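# Coordinates in review
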Amino acid sequence: MKEKLLGKTPEELKEVAVGLGLPAFASRQVAQWLYSKKARSIDAMTNISRNGRERLAAAFDLGAVPPSACQASADGTKKYLFPVRCPKSFRQTTDSSELYEYEDSSVEAVMIPEDDRKTLCVSSQAGCRMGCKFCMTGRQGFHGNLSVSDILNQFISIEESGELTNAVFMGMGEPLDNYVNVKKAIDVLTSDWGFAWSPKRITLSTIGIVPVLKKYLDETRCHLAVSMHDPFDDERGELMPIQKKYPIEDVIRLIKQYDFTGQRRVSFEYIMFSGMNDDKRHADALSRMLRGLECRVNLIRFHKIPDAPFLTSPDLIMEKFRDRLSNQGITCTIRASRGEDISAACGMLAGKHNQSY
Ligand code: SF4
């Protein structure tokens, strides 16, 4: 498998150019084609000499992979399916170089149009190893980390590529479980030499892997969303195995050390399960836990997945829960479901499609 250009920094592109005998300034041209002009082939880089492009193409792939399928929802949401090859394992050869073994898999990205914005819900892993009981992605197990190139490809290879205004790392996988590649993708998205997006346009959603979350909060200025779903240790532990290793109390304690009173925002995602996490005891515990933190709680309807023994809370219960939080000074909204008819809503992504593009 050839190395990909997509995801490389200017320094790395300079090494590529010099290594192939191209002038060093060609690296700046390649960066522009990759990130400003969102070229989908090396041949499209027309201000690089034909010979230079041939040398580049002989050694590298650009990394643009078209979606293999796309489904459109009645509400305008679109779900794209991308084939990916993930490193499954690697072994040391006798000459001590490393040989990766790859597994073919697929991931989904969801484009959600709103009034004046188009948000891309990005995947960071094929499958997920976190095992949350209510999540279709978790159900399918872990198939590998996405490369930087696979993450960025979701931005450049969809029809709405040039119109995207925001991104949420809320697709398949736990982004902090693939932090090195996710961070590098965020660097490309937010650098002047890259997509030149403001960090305010990006939100990362996590279940709260505390030491990596600290790195994310220190190393980026992007927004944060935390999957809360239940304020009680035993109940959250039943839904989300991560609670046993990194209790939500520790996550909140860490978050409270950072400033969310300015441009940077933190929100808490709360899927409402009927009769499980939706009474006033939960609302009051949640409110106590978040006291003193400038934040928002998003209440989310549970979207039914096969064989899961959960039901979503009725609208009236959700409204009461929202009001109880609001009365205690917590900003709280009920999030509208998007793309449920094409299994693109929260917790439904599985990396499978029936319909061809
Ligand atoms: Fe993984 Fe997120 Fe699903 Fe949990 S909710 S299994 S972290 S993708």
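Let me sum up the structure you'll find in this document. (Residues numbered from 1 in each chain as written. Predicted model: local features only at pLDDT ≥ 70, side-chain atom pairs only at ≥ 80, totals over all residues. Heavy atoms only, no water.)

What the rule picks out here adds up to 20 salt bridges. Between Lys 8 and Glu 3 there is a salt bridge, with its nearest N and O atoms 2.5 Å apart. With a relative accessible area of 12%, Lys 8 lands in the buried category. Across the pair Asp 187 and Lys 183 runs a salt bridge whose closest N-O atoms are separated by 2.9 Å. Taken together, the positions of Asp 187 and Lys 183, both in helix H6 (residues 179–190) and four residues apart, correspond to about one turn of that helix. The network of salt bridges with common partners includes Lys 78, Glu 159 and Glu 160. (Salt bridge = Lys/Arg side-chain N within 4 Å of Asp/Glu carboxyl O. Buried < 20%, exposed > 50% of the residue type's maximum accessible area, 1.4 Å probe, protein only. Helix = DSSP H or I, 4+ residues; strand = E, 2+ residues; numbered from the N terminus.)

On to the site of the ligand, then. Close to the ligand lie Cys 128, Met 130, Gly 131, Cys 132, Cys 135, Gly 138, Gly 173 and Ile 207, which account for all nearby residues. In terms of residue class, the shell around the ligand is built from five nonpolar, three polar and no charged. (Near = heavy atom within 4 Å. Nonpolar A, V, L, I, M, F, W, Y, C, P; charged D, E, K, R; others polar.)

Burial within strand S12 (residues 266–272) is extensive, with seven of its seven residues counted as buried. Both faces of S12 are covered, namely the face carrying Val 266, Phe 268, Tyr 270 and Met 272 and the face carrying Ser 267, Glu 269 and Ile 271. Sheet topology places S12 next to strand S13 (residues 296–301); six bridges connect them, and they run parallel. Directly across from Ser 267, in S13, lies its bridge partner Arg 296. (Pairing = 2+ DSSP bridges.)

Another point: helix H3 (residues 50–59). For H3, the full list of buried residues reads Gly 52, Arg 53 and Leu 56. Considered in projection along H3, the buried side chains sweep an arc of 95° and stay on one side of the axis. Away from its buried face, by an angle of more than 90 degrees, H3 presents the exposed residues Arg 50 and Ala 58. On the buried face of H3, the contacting elements are helix H1 (10–19), helix H2 (26–36) and strand S2 (60–61). (Arc of directions from axis to C-beta. Contact = heavy atoms within 4.5 Å.)

It is worth spelling out the state of the cysteines at this point. By the definition in use, this model includes zero disulfides. No disulfide involves Cys 222; its nearest neighbouring cysteine sulfur is the one of Cys 121, lying 15 Å away. (Disulfide = S-S within 2.5 Å.)

This next bit is on the environment of Gln 29. Looking at the secondary structure, you find Gln 29 in helix H2. Counting along the chain gives 18 residues from Gln 29 to Asn 47, while the straight-line C-alpha distance between them is 7.6 Å. Those residues in contact with Gln 29, other than ones at most four positions away along the chain, are Asn 47 and Ile 48.

Further remarks concern the side chain of Arg 236. Along the polypeptide, Arg 236 turns up in helix H8 (residues 233–239). At 2.7 Å, the side chain of Arg 236 forms a polar contact with the backbone oxygen of Ser 227. Polar contacts involving the side chain of Arg 236 include one to the side chain of Gln 243, which spans 2.7 Å. (Polar contact = N/O pair within 3.5 Å; in protein donor to acceptor, adjacent residues only side chain to side chain.)

All right, on to unusual backbone geometry then. Of note, Lys 38 is a non-glycine position whose phi angle comes to about 50°, a positive value. The phi dihedral of His 229 falls on the positive side, at around 70°, and the residue is not glycine. When you line up the elements, His 229 lands in the loop between strand S11 (223–227) and H8. Since its relative accessible area comes to 4%, His 229 is described here as buried.

Turning our eyes to something else, we now look at the nonpolar core. Counting residues in hydrophobic clusters, the biggest one holds 113 residues, and the most contacted among them are Phe 134, Tyr 216, Ile 255, Phe 268, Leu 290 and Val 297. Once residues lying within four places of it in the same chain are set aside, the contact partners of Tyr 216 are Leu 176, Tyr 179, Ile 186, Leu 204, Cys 222, His 223, Leu 224 and Arg 264. (Core = buried A, V, L, I, M, F, W, Y, C linked by side-chain atoms within 4.5 Å.)

With that settled, the discussion passes to the pairing of strand S10 (residues 202–206). S10 sits mainly inside the fold: five of its five residues count as buried. In S10, alternate side chains face the same way, and those of Ile 202, Leu 204 and Thr 206 on one face and Thr 203 and Ser 205 on the other are all buried. In this fold, strand S9 (residues 166–169) hands off to H6, which returns the chain to S10; that crossover is right-handed. Here S10 runs beside S11; their pairing, made up of four bridges, is parallel. In the strand pairing of S11, Thr 203 is matched with His 223. (Right-handed = clockwise from strand over helix to strand, strands pointing away.)

Across the 11 residues of H2, eight count as buried, placing the element largely inside the fold. For H2, the secondary structure elements touched by its buried residues are H1, H3, helix H5 (148–156) and H6. Two residues or fewer past H2, Lys 38 is found with a positive phi of approximately 50°.

It is worth spelling out a nonpolar patch on the surface at this point. There is a patch of nonpolar side chains on the surface, built from Met 1, Tyr 100 and Tyr 102 and spanning about 330 Å² of accessible area. Along the polypeptide, Met 1 turns up in the segment before strand S1 (3–4). (Patch = residues over 30% accessible without salt bridge, like charges linked within 9 Å, V, L, I, M, F, W, Y side chains within 5 Å. Areas by Shrake-Rupley, 256 points an atom, 1.4 Å probe, with all protein chains shown as cover.)

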